[in-house]
Amino acid sequence: MFFLRKYFPYVIILLNLFGTLALENRIGIYILYPTQIIIGVSSLFYYLKHYKSLHLKYPYISFLYVVMLFYVLVGFIKQFFILSGIFPFVRMSISMAFLSIGSYFFIADRVILTRILKLWMKWVPVLFVVFYFILYQSQYGSYFHFYSLFVLLFPLLILQKKLIIVIISVFLLTSGIIQRMDIISILLPILIALAYSSGLLKNKYVFLWLNKAIIAIPIVFFLLALTTSFNVLAIDKYIGDYSLDSGDKLNVDTRSFLYQESYESAKKNNYILWGRTPLYGYDSYWQMGYGSLISDSYKPVNGVCQRGSEVFIVNIFTWCGVIGVIFFFIFFYKVSHRAILSSNNVYMKVLGLYVSCFWVIDWFGNNMWGLNMSYILLFIIVGMIYSPFYMKMTNREFEIYFREILK
């Protein structure tokens, strides 16, 4: 635990910077992969060392982690017998993302979380200024994604920190939106913070019903798409022609074919129920049809490229099948429901609501092709929700505690 408390927070800051640089710049990859390996291996070792107590304290999330480890192990063995069309380093990155899920066992430790928050607020804005000229506009949102936690806890910040978060918010709203997912990622925590700050979300039962409704949203829309002609992703049918400055059209359906192609691949290769393991992608004839979109990371197997999706739930279906989708549905529901039902303060309920919103976004984005700050934020919140220390605090105790560490 000494290593984790002393060095792990610095690894997270490196992930924040180089995970963003790696999106468009080769320089980031040389740091990103070792960083992902450190986080993944640290999570695995911590679980192996404490697995008995972890299974007693956190039975479901421990079970989910074992399932993830099982899929990585099976995938590692499988690749020696069946070729994968995914580049080896990408396979490693996805595997480390799976292993890193176990970081929610320790990442909300009071010392680790405090150091992460302080280091983020101290260095991330400064490093952004330093690396601003080599960052692309498309990277701004991913670089500052972790700021969502500070937005959700905005009332607890001192004036100086509030000004920093306001400046980041204004910057992202004016310069960081180049696609639809950016709008959701930036506005979501702001809307949640405004809702509970205005008093709309102070009743536990309002939280509970709203949480159930949010969790059900993607399931309802998915069933409607299967049983009727209504497809929520076909936005062009019910809004006008709206475009962002980047040229990205808000009404273009860029997701439906991902679901269709991944399902056809699963049906053809008989892995609908159990998935293909995280070391493989789904067969993509769309990618084969556009040669310019094929990179060195994708190698045709039997004349067909395998690729990953921009959508978390599509990837989980490919990697873990229907079983994996069900496991993650239960995971998001149990975590968010626990935060709302069992916490003694409104702030943990707000974080629980953010977890359920994360589930909805998983049906449109959050690809999980590698560990990033979006998932680090999720793991921190999950760790806090399963920590009696944060859950038992009253509103006043929570405010005093976080004002002290966030000052």
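Calculation notes
Residues numbered from 1 in each chain as written. Predicted model: local features only at pLDDT ≥ 70, side-chain atom pairs only at ≥ 80, totals over all residues. Heavy atoms only, no water. Helix = DSSP H or I, 4+ residues; strand = E, 2+ residues; numbered from the N terminus. Areas by Shrake-Rupley, 256 points an atom, 1.4 Å probe, with all protein chains shown as cover. Axes fitted to C-alpha atoms, helices over the stretch in contact; angles between N-to-C directions. Parallel < 35°, antiparallel > 145°, perpendicular 65-115°, else oblique. Left-handed = near helix turned anticlockwise from the far one by under 90°. Contact = heavy atoms within 4.5 Å. Nonpolar A, V, L, I, M, F, W, Y, C, P; charged D, E, K, R; others polar. pLDDT = per-residue confidence, 0-100. Patch = residues over 30% accessible without salt bridge, like charges linked within 9 Å, V, L, I, M, F, W, Y side chains within 5 Å. Salt bridge = Lys/Arg side-chain N within 4 Å of Asp/Glu carboxyl O. Buried < 20%, exposed > 50% of the residue type's maximum accessible area, 1.4 Å probe, protein only. Expected span 1.5 Å × (residues − 1). Polar contact = N/O pair within 3.5 Å; in protein donor to acceptor, adjacent residues only side chain to side chain.

Our focus in this paragraph is the overall build of the protein. The secondary structure content of the protein amounts to 17 helices and 2 strands. Put simply, the protein shows about 18,700 Å² of open surface, and 67% of that area lies on carbon and sulfur atoms.

Close contact between helix 13 (residues 312–342) and helix 15 (residues 373–385) brings their axes to 11 Å; oriented N to C, the two are set at 40°. The angle between helix 13 and helix 15 places the two elements in the oblique class. Here helix 13 runs over helix 15; the crossing is left-handed. For the pair helix 13 and helix 15, the contacting residues are Phe312, Phe331, Phe332, Val335, Arg338 and Ala339 in the first and Tyr375, Leu378, Val382 and Ile385 in the second. Residue classes in the contact of helix 13 with helix 15 are distributed as 9 nonpolar, no polar and 1 charged.

Summarising the model, the protein shows a mean pLDDT of 86, and 87% of its residues fall at 70 or more. Across the protein, the secondary-structure element scoring lowest on mean pLDDT is helix 12 (residues 285–289), at 59, and the one scoring highest is helix 3 (residues 59–78), at 96. Scored below 50 in pLDDT, residues 289–296 shows 6 contacts in the model against residues more than four places distant or in partner chains.

With that settled, the discussion passes to a nonpolar patch on the surface. Taken together, the side chains of Leu73, Phe76, Ile77, Phe80, Phe81 and Ile82 make up a nonpolar region of the molecular surface, amounting to roughly 700 Å² of accessible area. As for its placement among the helices and strands, phenylalanine 80 is situated in the loop between helix 3 and helix 4 (88–100).

Turning next to the pattern of salt bridges. Inspection of the entire model under this criterion finds 5 salt bridges. For aspartate 109, the salt bridge identified is with arginine 5, shortest N-O distance 2.8 Å. Of this pair, aspartate 109 sits in the loop between helix 4 and helix 5 (110–131) while arginine 5 sits in helix 1 (residues 2–21), and the two are 104 residues apart along the sequence. Linking glutamate 404 and lysine 407 is a salt bridge whose minimum nitrogen-to-oxygen distance equals 3.0 Å. Classification of glutamate 404 as partly exposed rests on a relative accessible area of 44%.

Time to look at the side chain of serine 62. Take serine 62: it is sitting in helix 3. When near neighbours in sequence (up to four residues on either side) are disregarded, serine 62 contacts Leu54, His55 and Phe105.

Bringing helix 15 into the picture now. Relative to the 18 Å expected for 13 residues at 1.5 Å per residue, helix 15 spans 18 Å between its end C-alpha atoms, a close match to the ideal helical length. When you tally the buried positions in helix 15, you get 13 out of 13 residues, the bulk of the element. By the N-cap criterion, in which a side-chain oxygen at the helix start approaches the backbone nitrogen of a residue two or three places on, helix 15 is capped by asparagine 372, the distance to serine 374 being 3.0 Å.

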